[in-house]
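# Survey of secondary and tertiary structure
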Amino acid sequence: MTDQTATPRAFPASAPLKGRIAIPGDKSISHRSLMLSALAVGESRVTGLLEGHDVLATAAAMRAMGAAIERRDDGEWRIHGVGVGGLLQPREALDMGNSGTSTRLLMGLVASHPITATFVGDASLSGRPMGRVIDPLAQMGADISASPGGRLPLMVRGLAPAIPLAYRLPMASAQVKSAVLLAGLNTPGITEVIEPVPTRDHSERMLRGFGADLTVEVGGDGTRHIRIRGEAELKPQTIAVPGDPSSAAFFIVAALIVPGSDVTIANVGLNPTRAGLVDVLKQMGGDIELLNAREVGGEAVADLRVRHSNLKGIEVDPAVAPSMIDEFPILFVAAALAEGRTVTRGLDELRVKESDRLSVMATGLQAIGARVQESEDGLVIDGTGGDPLPGGATIAGHLDHRICMSFAVAGLVSKAPVTIDDIAPVATSFPNFETLLTGLQQ
Ligand code: S3P
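Residues numbered from 1 in each chain as written. Predicted model: local features only at pLDDT ≥ 70, side-chain atom pairs only at ≥ 80, totals over all residues. Heavy atoms only, no water.

- By the naming in an unreviewed UniProt entry, the chain is 3-phosphoshikimate 1-carboxyvinyltransferase, taken from Sphingopyxis italica.
- Comment text from UniProt for the chain, heading Pathway (unreviewed entry), reads "Metabolic intermediate biosynthesis; chorismate biosynthesis; chorismate from D-erythrose 4-phosphate and phosphoenolpyruvate: step 6/7."
- One UniProt comment on the chain, placed under Subcellular location (unreviewed entry), says "Cytoplasm". (UniProt positions renumbered as here; feature names shortened; annotations may be inferred.)

Structure, rendered in structure tokens:
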């Protein structure tokens, strides 16, 4: 799954972006639709599935544990599940590639099944902390041996029946929440996750959609108590995956900062736990119009019309961070072009993503001539007020798809091209990113 030969790519200044695009399916929802379909009894059908490397790693792992998964020529995916409790022992290590979501959620599933699985990944994933899922899953009875620092490669020996747990999340993480809930699926009794700060709720929505007995109670202080009754029987579903707001983000910002642009992005998922970027960009003066708001597969969706705007720097409220956690790299690019200062704080989680996104973005933006200071938990950026950046540097993407795409967009508004040292990681979440970009430049 890891590309051994680097493919550098230069992104020069762009003509106005114009036209209409549809972005690929949501990565989070795609992972979950494969996992839950693989645990249902019978055949599920999924359309709009993101066919990026991360999601394909999940598909391969579910196949290795017994599910039958096929892609039809018309793009529909059909999945025959094994039933909760029915996962089989994989014969080889599960190769998670670059995907933290696959790793953490699948560790949860394996933890309460009577099987043992080894998880391996690329250099980026092998540097990321897994202690955050090892802790609760070990409390549920799984025996997990990890590499030093709680990292990959690691082995999970599941326990069935596992021990139900009430677990308070120590950090805002949908992946940790989901790992515990998925372990709870095959655990007798009630497994509870206590979530002080809301994170993306796709797991809760989809578990309910598949027929699991899952309740959410919100306390006076906003803390969410999510309870799932285990030994569930999941019923197969037909799922239409909405477009990924985290992928749309690159084109939203590109249209806002490339002068003369007017772009419509169709079918963008706008679940409130994911839509923080649109609110923040509007506060900065971004002209983003929501058209044709509707619901697809239990998720809010709209088309977005985005026109070039004179953005203004703001202080970003740290409370919105979880609802746009993957969008900060591209927000930093928008801030570098805005008028005045943008201040971000409370972003320590960005340091443990596919790369240390605070450090990598600060270094890269400085290299292309932006004024950026890095603090412990955020960046302070003084924008150009719409003037192009100098550009003319080669950026290390650190196997991080969102870093690569953020600097590709920065190149569109730079005097000299911005070169990404290796464009290949983009395919983990957005395989047709360059094709869509070229289409808008015609
Ligand atoms: C994801 C949750 C987020 C996000 C990741 C996908 C998910 O991670 O960064 O890209 O699908 O649950 P954390 O929950 O660790 O913040």
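Moving on, there is more to tell.
## Quick notes on the overall build of the chain
- Along its length, the chain carries 12 helices and 24 strands.
- Over its C-alpha trace the chain gives a radius of gyration of 21 Å, about what one expects of a compact globule, namely 22 Å for 442 residues.
- Of all 442 residues assigned to the chain, the portion counted as buried reaches 59%.
- Considering only intrachain contacts with a sequence separation of at least 6, the fraction spanning at least 24 residues in the chain is 77%.
- Total accessible area computed for the chain in this model is approximately 15,700 Å², and 50% of it derives from carbon and sulfur atoms. (Helix = DSSP H or I, 4+ residues; strand = E, 2+ residues; numbered from the N terminus. Rg over C-alpha atoms; globule rule 2.2 N^0.38 Å. Buried < 20%, exposed > 50% of the residue type's maximum accessible area, 1.4 Å probe, protein only. Contact = heavy atoms within 4.5 Å. Areas by Shrake-Rupley, 256 points an atom, 1.4 Å probe, with all protein chains shown as cover.)

## A look at the site of the ligand
- What surrounds the ligand is the set Lys27, Ser28, Arg32, Thr101, Ala172, Ser173, Ala174, Gln175, Arg200, Ile325, Asp326 and Lys353.
- Between the ligand and Ser28 there is a distance of 2.7 Å, counted from an oxygen atom to a side-chain nitrogen or oxygen.
- The contact in question runs from an oxygen atom of the ligand to an N or O atom on the side chain of Ser173, over 3.1 Å.
- Here the ligand has 380 Å² of accessible area as a free molecule, and 95% of this is covered by the chains.
- Looking at the shell around the ligand, the elements that each hand over two or more residues are helix 1 (27-39) and helix 5 (174-185).
- The greatest single-element share of the shell around the ligand, amounting to 3 residues, is contributed by helix 1.
- Two domains each put at least three residues into the shell around the ligand: domain 1 (9-25 + 242-440) and domain 2 (27-240). (Near = heavy atom within 4 Å. Polar contact = N/O pair within 3.5 Å; in protein donor to acceptor, adjacent residues only side chain to side chain. Domains from an automatic or database assignment.)

## As for the pairing of strand 15 (residues 262-269)
- Among the 8 residues of strand 15, 6 are classified as buried, and the element is accordingly described as predominantly covered.
- Across 5 bridges, strand 2 (residues 18-22) lies against strand 15 in parallel orientation. Of the residues in strand 15, the one forming a bridge with Ile21 is Ile265.
- As paired strands, strand 15 and strand 17 (residues 299-307) are joined by 6 bridges and run antiparallel to one another. In the strand pairing of strand 17, Thr264 is matched with Arg305. (Pairing = 2+ DSSP bridges.)

## Describing the nonpolar core
- In this structure, Phe251, Ile252, Ile265, Leu281, Phe332, Leu365 and Phe407 are the most contacted members of the largest nonpolar core, which totals 78 residues.
- A total of 10 residues in this core trace back to one element, the largest contributor, which is helix 7 (residues 245-257).
- Those residues in contact with Phe251, other than ones at most four positions away along the chain, are Ile21, Ile23, Ile265, Phe430, Phe433, Leu436, Leu437 and Leu440.
- Of all hydrophobic cores here, the second largest spans 65 residues; its members include Leu39, Leu137, Leu181 and Leu185. (Core = buried A, V, L, I, M, F, W, Y, C linked by side-chain atoms within 4.5 Å.)

## Some points on the sheet that holds strand 10 (residues 166-168)
- Taken in spatial order, the 4 strands of this open sheet run 10-11-13-12, and their pairing is mixed. Because the sheet does not close on itself, it has two edges, and the strands there are strand 10 and strand 12 (214-218). The sheet shows a mean angle of 15 degrees between the axes of neighbouring strands, direction not considered.
- Here strand 10 runs beside strand 11 (residues 190-195); their pairing, made up of 3 bridges, is parallel. Among the inter-strand pairings, Arg168 is bridged to a residue of strand 11, identified as Ile194. (Axes fitted to C-alpha atoms, helices over the stretch in contact; angles between N-to-C directions.)

## Considerations on the packing of aromatic side chains
- Within this structure, the stated rule accounts for 5 aromatic pairs.
- The interplanar angle of 65 degrees and the centroid separation of 5.6 Å between the aromatic rings of Phe430 and Phe433 together place this pair among those described as edge-to-face.
- What links up through ring pairs into an aromatic cluster is the set Phe250, Phe251, Phe430 and Phe433. (Phe/Tyr/Trp six-rings, centres within 6.5 Å; stacked < 30°, edge-to-face > 60°.)

## Considering the UniProt feature "binding site: phosphoenolpyruvate" (unreviewed entry) in the chain
- UniProt's entry tags Lys27, Gly100, Arg128, Gln175, Arg357 and Arg402 with the feature "binding site: phosphoenolpyruvate" (unreviewed entry), counted in the numbering of this structure.
- Relative to the assigned elements, Lys27 resides in helix 1.
- Accessibility expressed as a relative area gives 8% for Lys27, which makes it buried.
- Mapped onto the fold, Arg402 is located in helix 11 (residues 401-411).
- Note on Arg402: relative accessible area 3%, which makes it buried.
- Excluding residues within four positions of it along the chain, Arg402 makes contact with Lys27, Ser246, Phe250, Asp326, Pro329, Arg357 and Ser429.

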